[in-house]
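Spelled out, the chains give:
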Amino acid sequence: MERTLLGKGARYSRGLQQVGEGVFAWLQPNGEWGESNAGVVVGEGEALLIDTLFDPHLTQRMLDAIGEQVHEPIRTLVNTHSDGDHVFGNQLLPDAEIVATAAAAHLIREETADALQRFKQLAPVLKTVGRLPLPVVGTLPLPGLPRMPLRALGEYIGWMLSPYDFSGVRITPPTREFGGELALDVGGRDVRLIEVGPAHTPGDLIVHVPDASVVFAADVLFVGVAPVMWAGPTAGWIAALDRILELAPDVVVPGHGPVSDQSEVQTLRDYMEWVEAEAWPRLAADRSPFEVARELLRSEKYRAAPWGGWDSPERIVITITTIDRHRRGEAGPISARERTALFAQVATLAAELNAQA
């Protein structure tokens, strides 16, 4: 059985898949942490690449595979948003024009891979300290949890970052920015970039290839895996999904998960509405995002829903935390400490779910 980057059984094949005439998707099953997709649009005498991957090694492997089937040079690279698993391979295309929204470009320039590399190196230390019998040594205070579970955090981040090598990443920012919509000519083909953020992140865009009826939705769409809402609000994400549905594509390539169609766009829309409706009154009653996430994941409603079998369900706590921050009027970037605390909550939920399985 083919294995994913994170060591699980693959639910679909990795590699380059043709999704339209001269249009390809690069897929990395199963779409969990860092297992992101990319795409290629081929025109006369040139090609456009949609996103790079989480490190240069993975990006080079993708570029080699593309080169075996696509014989036109990549003149343009589109970064759909600022997350590292969509931009950390940019350095391998030094001659390409790199296009992103202004909001994404700003964040990419501030991005650094060093923090992720340190986080990865810290994982075994956290696991070791977390095994010590002294409860005060093995845990740290954490809002929403009695103590920060160092062992669970170390095991989780060690797993989620284990396939990736950030040591050679050189941040290579966009060279062209836009807001709203931008039409590109790719060797005689019309390719439309449509800004739909803030949703998953502040600077999301989707890529529409009208003559192939294909939309590359990037991280506005997750298929078979729980989404992560870093920016929000939920209404913004739902509006982004509505924009995809308005385009009525035959094929939709998600940022994470297998190639799909409009039905999966609608399913994620239903999920986002459900989480918002279920979380808001609980948060308003002074329940913590962690408590709300745990309750929803244990509920019959969740298990019976189409998303009840999605991978990485523990990530719902990030989305609920973002909903709560908007509810309290505190939306905006979070600190490294706040992100670590969030991952500790994600790790705790994952450990609980694994224990129940």
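As the structure is a prediction and not an experimental result, all values here were calculated from the model.

Broken down by element type, the protein chain carries eleven helices and 14 strands. Whereas a compact globule of 357 residues would reach a radius of gyration of roughly 21 Å, the protein chain reaches 20 Å, a difference of no more than 12%. With the principal axes as the frame, the protein chain shows a C-alpha extent of 65 × 40 × 40 Å. When each of the 357 residues of the protein chain is scored for burial, the buried share is 57%. Of the contacts formed within the protein chain by residues at least 6 apart in sequence, a portion of 67% connects residues at least 24 apart.

Strand order across the open sheet formed by seven strands is β1-β2-β3-β4-β5-β6-β9, with mixed pairing between neighbours. With one partner strand each, in any of the chains shown, β1 (15–20) and β9 (176–178) form the two edges of the open sheet. Ignoring which end each strand starts from, the neighbouring axes of this sheet average 25° apart. Sitting on the sheet, helix α1 (residues 56–69) is in contact with β1, β2 (23–27), β3 (38–42), β4 (47–50) and β5 (74–78), with an inclination near 150° to β2. Along the sheet, helix α2 (residues 102–110) contacts β6 (97–101) and β9; its crossing angle with β6, the most-contacted strand, is approximately 110°.

Attention now goes to the packing of aromatic side chains. Inspection of the entire model under this criterion finds 15 aromatic pairs. Their ring planes at 40° and their centres at 6.3 Å tell us that Y164 and F166 sit as a pair that is tilted. In this structure Y164 comes out as buried when scored by relative accessible area, which is 1%. Accessibility expressed as a relative area gives 1% for F166, which makes it buried. Within the aromatic cluster, the residues linked to one another by ring pairs are Y271, W274, Y302, W307 and W310.

Glancing now at the sheet that holds strand β11 (residues 189–195). Within the open sheet, the five strands sit side by side as β10-β11-β12-β13-β14. Their pairing is mixed. Because the sheet does not close on itself, it has two edges, and the strands there are β10 (181–186) and β14 (251–256). Sheet twist, expressed as the mean angle between neighbouring strand axes with direction ignored, is 25°. Pairing of strand β12 (residues 205–209) with strand β13 (residues 214–222), which is carried by three bridges, proceeds in the antiparallel orientation.

Moving on: helix α7 (residues 262–284). Over its 23 residues, α7 runs 33 Å from end to end, which matches the ideal 33 Å to within 8%, given 1.5 Å per residue. Those residues of α7 that fall on the buried side of the exposure criterion are V265, T267, L268, R269, Y271, M272, W274, V275, E278, A279 and L283. Elements that come into contact with the buried residues of α7 comprise β13, α6 (234–247), β14, α8 (289–298), α9 (300–304) and α10 (316–327).

This brings us to unusual backbone geometry. Here the residue pair P29 and N30 is connected by a cis peptide bond, since its omega of -5° sits within 30 degrees of zero. With respect to the element layout, N30 can be found in the loop between β2 and β3. Look at the link from G197 to P198: it is a cis peptide, with omega at 0°. Checked against the element boundaries, P198 lands in the loop between β11 and β12.

Attention shifts here to the nonpolar core. Grouped burial of nonpolar side chains is what soluble globular proteins tend to show. One finds W237, I244, Y271 and I320 to be the most contacted residues of the largest nonpolar core, which totals 90 residues. Ranked by the residues each element gives to this core, the list is headed by α7, at eight residues. Residues L27, V191, L205 and V207 belong to the second largest nonpolar core, which totals 24 residues.

With respect to the secondary-structure elements, E155 resides in helix α5 (residues 150–161). The exposure class assigned to E155 is partly exposed, which follows from its relative accessible area of 36%. Each C-alpha atom of the pair E155 and V42 lies 42 Å from the other, and the pair is 113 residues apart in sequence.

It should be kept in mind that the predicted coordinates are not to be read in detail where pLDDT is low. Looking at the protein chain as a whole, its pLDDT mean stands at 93, while 94% of the residues score no less than 70. The secondary-structure element of the protein chain with the lowest mean pLDDT is helix α4 (residues 135–138), recorded at 42, while β12 shows the highest, at 99. Of the regions scoring below 50 in pLDDT, residues 133–146 engages in 30 contacts with residues more than four places distant in sequence or in other chains.

Taking burial as the measure, the six residues of β14 include six buried ones, the bulk of the element. Of the strand pairs in this sheet, β13 and β14 are connected by five bridges, and their pairing is parallel. Residue pairing across strands places F216 opposite V253, the latter belonging to β14. Between β13 and its parallel partner β14, the chain crosses via α6, and the hand of that crossover is right-handed.

This part takes up the pattern of salt bridges. Enumeration according to the criterion identifies 22 salt bridges in this entry. Notably, a salt bridge pairs E32 with K8, separated by 3.0 Å at the nearest N-O pair. In this pair, E32 sits in the loop between β2 and β3 while K8 sits in the segment before β1, placing the two residues 24 residues apart along the sequence. The class of E32 is buried, set by a relative accessible area of 1%. Here E352 and R294 are joined by a salt bridge, their closest N and O atoms 2.5 Å apart. Of this pair, E352 sits in helix α11 (residues 336–356) while R294 sits in helix α8, and the two are 58 residues apart along the sequence.

Rules behind the numbers
- Residues numbered from 1 in each chain as written.
- Predicted model: local features only at pLDDT ≥ 70, side-chain atom pairs only at ≥ 80, totals over all residues.
- Heavy atoms only, no water.
- Helix = DSSP H or I, 4+ residues; strand = E, 2+ residues; numbered from the N terminus.
- Rg over C-alpha atoms; globule rule 2.2 N^0.38 Å.
- Buried < 20%, exposed > 50% of the residue type's maximum accessible area, 1.4 Å probe, protein only.
- Contact = heavy atoms within 4.5 Å.
- Pairing = 2+ DSSP bridges.
- Axes fitted to C-alpha atoms, helices over the stretch in contact; angles between N-to-C directions.
- Phe/Tyr/Trp six-rings, centres within 6.5 Å; stacked < 30°, edge-to-face > 60°.
- Expected span 1.5 Å × (residues − 1).
- Core = buried A, V, L, I, M, F, W, Y, C linked by side-chain atoms within 4.5 Å.
- pLDDT = per-residue confidence, 0-100.
- Right-handed = clockwise from strand over helix to strand, strands pointing away.
- Salt bridge = Lys/Arg side-chain N within 4 Å of Asp/Glu carboxyl O.

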